[in-house]
Amino acid sequence: MHQPSDAGATAGTYLPGFGNHVSTEAVPGALPIGRNSPQRPAFGLYTEQLSGTAFTAPRHENRRSWLYRLRPTAEHPPYTRYAGAARFAPGTGDAPLAPNRLRWDPVAACAPGTDWLDGITTMLANRDPADLEGVALHVYAADTDMDRVFMDADGELLFVPQAGRLDVVTELGRLVIAPGQIALVPRGVRFRVALPDGTARGYVVENHGGLFRLPDLGPIGANGLANARDFETPVAWFEDHDEPTQVVQKFMGSLWTTTLDHSPLDVVAWHGNLAPWRYDLARFNTIGSVSFDHPDPSIFTLLTSPSDVPGRANADFVIFPPRWMVAEDTFRPPWFHRNIMSEAMGLITGAYDAKAEGFAPGGISLHNLMAGHGPDLASWTGASNADLKPHKIDGAMAFMVESCWPYKPTSYALDHAQLDYDAVWADFPKAKLP
Ligand SMILES: O=C(O)Cc1cc(O)ccc1O
Ligand SMILES: [Fe+2]
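Conventions and cut-offs
- Residues numbered from 1 in each chain as written.
- Chains lettered and ligands numbered in written order.
- Predicted model: local features only at pLDDT ≥ 70, side-chain atom pairs only at ≥ 80, totals over all residues.
- Domains from an automatic or database assignment.
- Contact = placed C-beta atoms within 7 Å.
- Helix = DSSP H or I, 4+ residues; strand = E, 2+ residues; numbered from the N terminus.
- Nonpolar A, V, L, I, M, F, W, Y, C, P; charged D, E, K, R; others polar.
- Core = buried A, V, L, I, M, F, W, Y, C linked by C-beta atoms within 7 Å.
- Buried ≥ 20, exposed ≤ 12 C-beta atoms within 10 Å, placed from the backbone.
- Pairing = 2+ DSSP bridges.
- Axes fitted to C-alpha atoms, helices over the stretch in contact; angles between N-to-C directions.
- Near = placed C-beta within 6 Å.
- UniProt positions renumbered as here; feature names shortened; annotations may be inferred.
- pLDDT = per-residue confidence, 0-100.

A. Representation of the domain arrangement of the protein within the structure. Here the protein is partitioned into domain 1 (5-88 + 109-281) and domain 2 (284-418). Taking only C-alpha atoms, the centre of domain 1 and the centre of domain 2 are 28 Å apart. Of the residues lining the interface, 34 residues belong to domain 1; the matching set on domain 2 comes to 35 residues. Looking at which element gives the most residues to the side of domain 1 that touches domain 2, the answer is strand S7 (residues 120-125), with 5 residues. Taken together, the residues of the side of domain 1 that touches domain 2 sort by class into 18 nonpolar, 11 polar and 5 charged.

Structure, rendered in structure tokens:
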């Protein structure tokens, strides 16, 4: 039967560090010592290796964990197409991609009884999951705990809550996150999401490419931005639940389902360096200009997924946290620019300094490669005339998923974009030559 909390550590027990080699057991003696695959694991547990990188990946990039579970994952009936989650993973269509800038208001409230999975709307995607490259941006709105279990074979999932906490119950442990925190579930790890506050909204970044890692710091030095010690990995937790459990998985862009006669969240012990984690954005050590000019936003990179081209990210996850603006003789908000990288942005709370209005918490903006963008007229006017005293941008948290691959909006997204986004850059006064 269901024995959540007594069967191991309760939610809220975490181990610090990013990408560490962790050993954790919810039942003493469950974890083999000195070998991965003993002939007869303790208690008749089943051994399983979960690989997040190729067996032969260089050692510093190699990520895998060993799981010791009540039943082997291999024991399952065939998958058939899943009929729910109508706005999840619908594909982006073959129509030519217009170069237009686009912006979206938050999605409408969900129908009552919608869980996190069925409450997902896919907004933007680039590349095919089978390419093992690219990223997708989904939003969710939900008001019901999941009974079923989900697994994404197409990529790792980065949760960015915007309203309401999430209790992410995974094969490798439980993570509770609130708005202002983020969490990552590796590709292939099964989980369900409960809503401690009854409702929840937010974003999910799905990364098909190289695993998110901490960026190199270059001249910044050995410390700064997101520090490794502030990431938290849950200890082992399992449920012993012999009841029918629906499993839904995303595989090659479509959703599939099967039903097990037990819960697959049955990993009693595990060790390795492929694991879920959570991180509090308030721990981000924000670095900026203390002289003049507005630095490139790469200074705010929290996580990076590299592509095959050095320095050109498959996806950078970048945040715009509260910070002091002190630069002298400087236009302080983001400048006008055109970028070879494609920029998808979301807003967790507050107001973004380049957009006076129209970019609401829960909304999204898209500036694909070479799209001219930057401050809207109101922000430009204000910042051009501001008294340049030290000023704190406070109470705001925006993020950007910057990708070398242009994003395609889904057909739902195209049908629901704001109609007049271009107008925010209308009516700039012409420069006057002497
Ligand atoms: O377009 C945006 O708002 C994101 C952004 C922020 C910034 O500070 C500099 C460049 C940039 O693309
Ligand atoms: Fe930009």
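B. Region of interest: the nonpolar core. Grouped together as the largest cluster of nonpolar side chains are 107 residues, with contacts concentrated most on Leu158, Phe159, Val168, Ala236, Val268, Phe317 and Phe399. Residue contributions to this core peak at 7 residues, all from strand S8 (residues 135-142). Setting aside its immediate chain neighbours within four residues, valine 168 contacts Phe159, Arg174, Leu175, Ile177, Ala183, Val185, Phe191 and Val193.

C. Spotlight on the sheet that holds strand S27 (residues 397-403). As summarised here, the arrangement of the 6 strands in space is S6-S25-S24-S27-S22-S21, forming an open sheet in which the pairing is antiparallel. The open sheet is flanked by strand S6 (102-104) and strand S21 (301-306), the only strands paired with a single partner. Across the sheet, the mean angle separating the axes of adjacent strands is 15° when strand polarity is ignored. Where S21 and strand S22 (residues 313-320) come together, 5 bridges link them in antiparallel fashion. Bridging from a neighbouring strand, threonine 301 pairs with valine 318 of S22.

D. Broad picture of unusual backbone geometry. Positive phi, normally seen in glycine, also occurs at alanine 89, with a value near 60°. Tracing the backbone through its elements, the reader meets alanine 89 in the loop between strand S5 (80-81) and S6. Looking at alanine 89, the number of C-beta atoms within 10 Å reads 23, which means it is buried. A positive phi angle, near 70°, is found at aspartate 293, a position not held by glycine.

E. Examining the site of ligand 1 more closely. The full set of residues close to ligand 1 is His294, Pro297, Pro334, His337, Asn339, Glu343, Ala354, His367, His373 and Met400. For the shell around ligand 1, a count of residues per class yields 4 nonpolar, 5 polar and 1 charged.

F. Examining the sheet that holds strand S4 (residues 64-69) more closely. The strand order across the open sheet built from 4 strands is S2-S19-S4-S3, with neighbouring strands paired in antiparallel fashion. Looking at strand neighbours, the two that pair on one side only are strand S2 (22-25) and strand S3 (46-51), the edges of this open sheet. Sheet twist, expressed as the mean angle between neighbouring strand axes with direction ignored, is 20°. Where S2 meets strand S19 (residues 267-272), 4 bridges bridge the pair, whose relative direction is antiparallel. Paired with glutamate 25 across the strands is alanine 269, a residue of S19.

G. Main features of the UniProt feature "binding site: homogentisate" (unreviewed entry) in the protein. Sites flagged by UniProt as "binding site: homogentisate" (unreviewed entry) map to Tyr352 and His373. Taken along the chain, the residues just named run across 22 residues; in space they keep tight, none of their C-alpha pairs more than 14.0 Å apart. Among the structural elements, tyrosine 352 can be located in the loop between strand S24 (342-349) and strand S25 (364-367). Aside from chain neighbours lying at most four places away, what touches tyrosine 352 is Phe320, Leu347, Phe359, Ala396 and Ala398. By the C-beta count within 10 Å, which is 21 here, histidine 373 ends up buried. Those residues in contact with histidine 373, other than ones at most four positions away along the chain, are Arg101, His337 and His367.

H. Structural context of the confidence of the model for the protein. When pLDDT is averaged across the protein, the result is 95; 97% of the residues are at 70 or more. The model gives residues 1-10 a pLDDT under 50, and that stretch makes 19 contacts with residues more than four places away or in other chains. The complex prediction reports pTM at 0.96, with the ipTM value standing at 0.99.

I. Summary view of the UniProt feature "domain: Homogentisate 1,2-dioxygenase C-terminal" (unreviewed entry) in the protein. Under the feature "domain: Homogentisate 1,2-dioxygenase C-terminal" (unreviewed entry), the UniProt entry names residues 283-430. Between the C-alpha atoms that bound residues 283-430 the distance is 43 Å, and the span itself is 9% helix and 28% strand.

J. Local environment of the pairing of strand S9 (residues 149-152). Of the two faces of S9, the one carrying Val149 and Met151 and the one carrying Phe150 and Asp152 are both buried. Two strands pair when backbone bridges link them, and S9 and strand S17 (residues 245-251) are joined in this way by 4 bridges, in the parallel orientation. In the strand pairing of S17, valine 149 is matched with valine 247.

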